[in-house]
Amino acid sequence: MSLSEALSKIEVYAFVGPAGTGKSHRATHVAKQNNIDVIIDDGLVISRGRILAGRSAKSEINRLRAIKRAIFEYEDHRDEVVNYLAKNPPKRLMILATSNGMIDKIVYRLGLNPPTKTISITEISSPEEIEAALRERREKKQHVVPVAKAQVQNNFAGKLVSQIRGFFRGRDKNESRNTIVKPLFSFNGKVTIEPNALQEMSRKLLELGNHVRKIRELDIETYDDKIELTIEIDLNLGNKSALSIAKILQKKVRVGLSYFTGMEIRKVNIKVNEIFL
C-alpha cells in the first residue's frame, strides 16, 4: 500500500475554536465521544496522553516559527508525521485548529482527507467556560496540552506549570491527564510585519549612539521567518576601530530585531563606505 493510499483510509475530524478557548483541555473528551484514536494538536500526534510523532509548536521560542510548526510548514517535521500516520493509520483522527482555514492547510500539507465532521468549541463549552479559558490565557499566559507530564518535560520549551485531570480515566494512566505549560512566547492572533516596518526598526537601532554618521543603504531580504540585512554606512570612529563598531552594530541590529519581531536574524552584513575621525 502506498503512503497516499494509507492516509486516504483515515477519517478526519476537525475541532475548531479561537486560541485560548480551551480546545486542548477538551480534546480528550471530544475524542472519546467520537471514538477517535489520535489527536493532532500544535504539531504533535498524540494518543492517550502520549506523543507519537512530531514536535510541539510550543517548543519554539519564536512566534512565527511556532505558527509554521503548527501548520507543518517545515519539511522534516511534516515528513515525520506523514510517515508515522502512513505506517500506523488510525481509523479516526482529530485535528485541533483555530480556524477552518488552518484545518485546510494542515490537511493539505499532511495529505489527509478533508474533515468528515467539524466540531466547534462552542458546541462543547458554554460561553462562560470559554470566557474563563480566555481570561486564564490572557492573565497567566498558560497553555493546556493533552499530554502527560513526563512527555511534556522532554518535548516543550518554557515552564512546566502543573498537571490537571482530564475528563475520563482510562486503562492507560496517561489518558486521564492534561498538563499546563507556559511557553517562552505568548501569542494570540495573526502577526504581519511590513518590510518598511523592518527597515524603520533597523534604522532606529543603527542610530542609537554616535557612531553611525549616515545610513547609505539598508536592504532587507526575508526567507520564511528569517531575515538577512545588508547595511552600508558612514562611520564616526571616535576612540574605537571600524571593525569593533561594525561588530557592535551587527549585534545591536540582530538582538533588537529578533526581540521586536520574533523573527530569526540570519545575517547582518555591514559595509563601511566612509570613515570620519
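Draft legend 1. Spotlight on a negative patch on the surface. Residues E75, D76, D79 and E80 make up a contiguous surface patch of negative charge. Mapped onto the fold, E75 is located in helix α4 (residues 75-87).

Draft legend 2. Highlighting the environment of I51. Assignment of secondary structure puts I51 in strand β4 (residues 50-54). Each C-alpha atom of the pair I51 and V38 lies 9.9 Å from the other, and the pair is 13 residues apart in sequence.

Draft legend 3. Expanded view of unusual backbone geometry. With a phi close to 55 degrees, D42 is a non-glycine residue in the positive phi region. Mapped onto the elements, D42 comes out in the loop between β2 (38-41) and β3 (44-47). One non-glycine residue with positive phi stands out, namely F72, at about 60 degrees. Take F72: it is sitting in the loop between α3 (63-70) and α4.

Draft legend 4. Inspection of the sheet that holds strand β6 (residues 117-120) at higher detail. Judged by pairing direction, the sheet is mixed, and its six strands sit side by side in the order β4-β3-β2-β5-β1-β6 without closing on themselves. The open sheet terminates on both sides in strands that have one partner only, identified here as β4 and β6. Shown here is a sheet whose adjacent strand axes are inclined to one another by a mean of 25 degrees, direction ignored. When β2 meets strand β5 (residues 92-97), the two strands line up parallel, connected through three bridges.

Parameters and conventions
Each residue is numbered by its place in its chain's sequence as written, counting from 1. Restriction of local features to residues with pLDDT of at least 70 applies here, the model being predicted, together with a cutoff of 80 or more for giving and counting side-chain atom pairs; totals for whole chains, interfaces and linings are based on all residues. Think of the side-chain values as coming from all heavy atoms in the structure, minus any hydrogens and water. Residues enter a patch when their relative accessible area is above 30% and they make no salt bridge; the linking distance is 9 Å between like charges and 5 Å between nonpolar side chains (Val, Leu, Ile, Met, Phe, Trp, Tyr). Here, Shrake-Rupley sampling with a 1.4 Å probe gives the accessible areas, and only protein chains in the shown set may cover a residue. We define a salt bridge as a side-chain nitrogen of Lys or Arg found within 4 Å of a carboxyl oxygen belonging to Asp or Glu. Residues scored as charged are limited to Lys and Arg (positive) and Asp and Glu (negative), so that His and the chain ends carry no count. Note on charges: their place is set at NZ of Lys, CZ of Arg, CG of Asp or CD of Glu. Labels follow the DSSP assignment, with helices taken as runs of H or I lasting at least four residues and strands as runs of E lasting at least two, numbered in each case from the N terminus. Any two strands with at least two DSSP-identified bridges between them are counted as paired. Angles here are taken between N-to-C directions and fall from 0 to 180 degrees, while the axes themselves are lines fitted to C-alpha atoms, restricted in helices to the stretch in contact.

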